[in-house]
Amino acid sequence: MRVNRKFRVRFAGLGMLGIFAVIVVLVIGMMTNAFSPTVTVTLQTDRAGLMMAPGNDVKIHGVVTGRVGDVRLASRGAELTLELQPEYTKLVPANARARISPATAFGNKFIALEAPPEGSRGSVRPGSVLRTEHVGVEINTVLENLDNVLTAAKPSEFNTTLHALATAVKGKGDRLGRLLVQVSDYLAEMNPQLPTLQR
């Protein structure tokens, strides 16, 4: 009798753990839309950036209509798999253009789908291929470019050059101003003659 009760308690404990695990899996699945049907579309881009990852938002007119399913390297840049909610696919033209933009300077990127200026041609279908027309600049790219400039320019030499230039023009603001006005006047006189010069 005591042995049976012991097994019943252990079995009940295992059952509770199993139910808890199922609830956790269901909650995660609902949060990631794993149980919702989606329409899969491919987005080709020359680069995706560091802050583009599976789970990032896909928006149409500012409304979240899907998510990024996968990001992978391709022969020419990157390919992103977009998982769109079926009820919104009729709003996405088959020739839609995409912009990849960061939500904030340091935040994750999102994809904004837009109709092209020449007008829409039908709606996207499973397997459709879209192209990006703009990829936002990330803060790490700006810092990398700044580092390259500072490395090439050698800050100490650049500082010496700026100091020499500042010393050379010190107290000569009026003369520089008059020179700029004269140059502007000359250019204004030459502009009407440009077609003759080109001929």
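Please refer to the structure placed before this passage.
Procedures and definitions
Residues numbered from 1 in each chain as written. Predicted model: local features only at pLDDT ≥ 70, side-chain atom pairs only at ≥ 80, totals over all residues. Heavy atoms only, no water. Helix = DSSP H or I, 4+ residues; strand = E, 2+ residues; numbered from the N terminus. Buried < 20%, exposed > 50% of the residue type's maximum accessible area, 1.4 Å probe, protein only. Areas by Shrake-Rupley, 256 points an atom, 1.4 Å probe, with all protein chains shown as cover. Pairing = 2+ DSSP bridges. Salt bridge = Lys/Arg side-chain N within 4 Å of Asp/Glu carboxyl O. Phe/Tyr/Trp six-rings, centres within 6.5 Å; stacked < 30°, edge-to-face > 60°. Lys NZ or Arg CZ within 6 Å of the ring centre and 35° of its normal. Contact = heavy atoms within 4.5 Å. Expected span 1.5 Å × (residues − 1). Core = buried A, V, L, I, M, F, W, Y, C linked by side-chain atoms within 4.5 Å.

Looking only at helices and strands, the chain has five helices and seven strands in total. Starting at the N terminus, the α and β elements of the chain follow one another as α-β-β-β-β-β-β-β-α-α-α-α. Across the 199 residues of the chain, 21% fall into the buried class. When the accessible surface of the chain is totalled, it reaches about 14600 Å², and 62% of it is carbon and sulfur.

Here we come to the pairing of strand β3 (residues 63-74). The pairing of strand β2 (residues 57-60) with β3 spans four bridges and is antiparallel. Looking across to β3, one finds that Ile60 is bridged to Val63. Adjacent in sequence and paired antiparallel, β2 and β3 are bridged by two residues, among which His61 carries a positive phi angle near 55 degrees. Sheet analysis places β3 next to strand β4 (residues 77-84), joined by eight bridges and oriented antiparallel. Counterpart to Arg72 in the pairing with β4 is Glu79.

The tally for this structure, following the rule as stated, stands at four salt bridges. For Arg67, the salt bridge is made with Glu83, and the minimal N-O distance between the two is 3.1 Å. Highlighted residues: Arg67 in strand β3 and Glu83 in strand β4, separated in sequence by 16 residues. One salt bridge connects Arg99 with Glu114, and the closest N-O pair in it is separated by 2.8 Å. Here the residue Arg99 occupies a position in strand β5 (residues 97-102), and Glu114 occupies one in strand β6 (residues 109-114), the gap between them amounting to 15 residues. The exposure class assigned to Arg99 is partly exposed, which follows from its relative accessible area of 27%.

The full count for this structure, using the stated rule, is zero aromatic pairs. A cation sits over an aromatic face here: Lys59 above Phe110, 4.5 Å from the ring centre.

Positionally, Asn95 belongs in the loop between β4 and β5. Non-local contacts of Asn95, meaning those with residues more than four positions away in its chain, are made with Pro116, Glu118, Gly119, Ser120 and Arg121.

In this section: helix α3 (residues 155-169). Its 15 residues give α3 an end-to-end C-alpha distance of 21 Å, which sits within 8% of 21 Å, the value for a rise of 1.5 Å per residue. A positive phi of about 80 degrees marks Gly171, the residue just after α3.

Positive phi outside glycine occurs at His61, with the angle close to 55 degrees. Turning to its location among the elements, His61 is positioned in the loop between β2 and β3.

Judged by nonpolar contacts, the single largest core of 21 residues is most densely connected at Leu43, Leu80, Leu82, Leu84, Ile111 and Leu113. Broken down by secondary-structure element, the contributors of at least two residues to this core are β1 (39-45), β2, β4, β5, β6 and β7 (129-135). The leading source of residues in this core is β4, at four residues. Leaving out residues up to four positions away in the same chain, Leu113 has contacts with Val58, Lys59, Ile60, His61, Leu84, Val92, Arg97, Ala98 and Leu130.

What follows concerns the pairing of β6. The buried count for β6 comes to five of six residues, which makes it a mostly enclosed element. The pairing of β2 with β6 spans three bridges and is classified as parallel. Among the inter-strand pairings, Ile60 is bridged to a residue of β6, identified as Leu113. For β5 and β6, the ladder comprises six bridges, and the chain directions are antiparallel.

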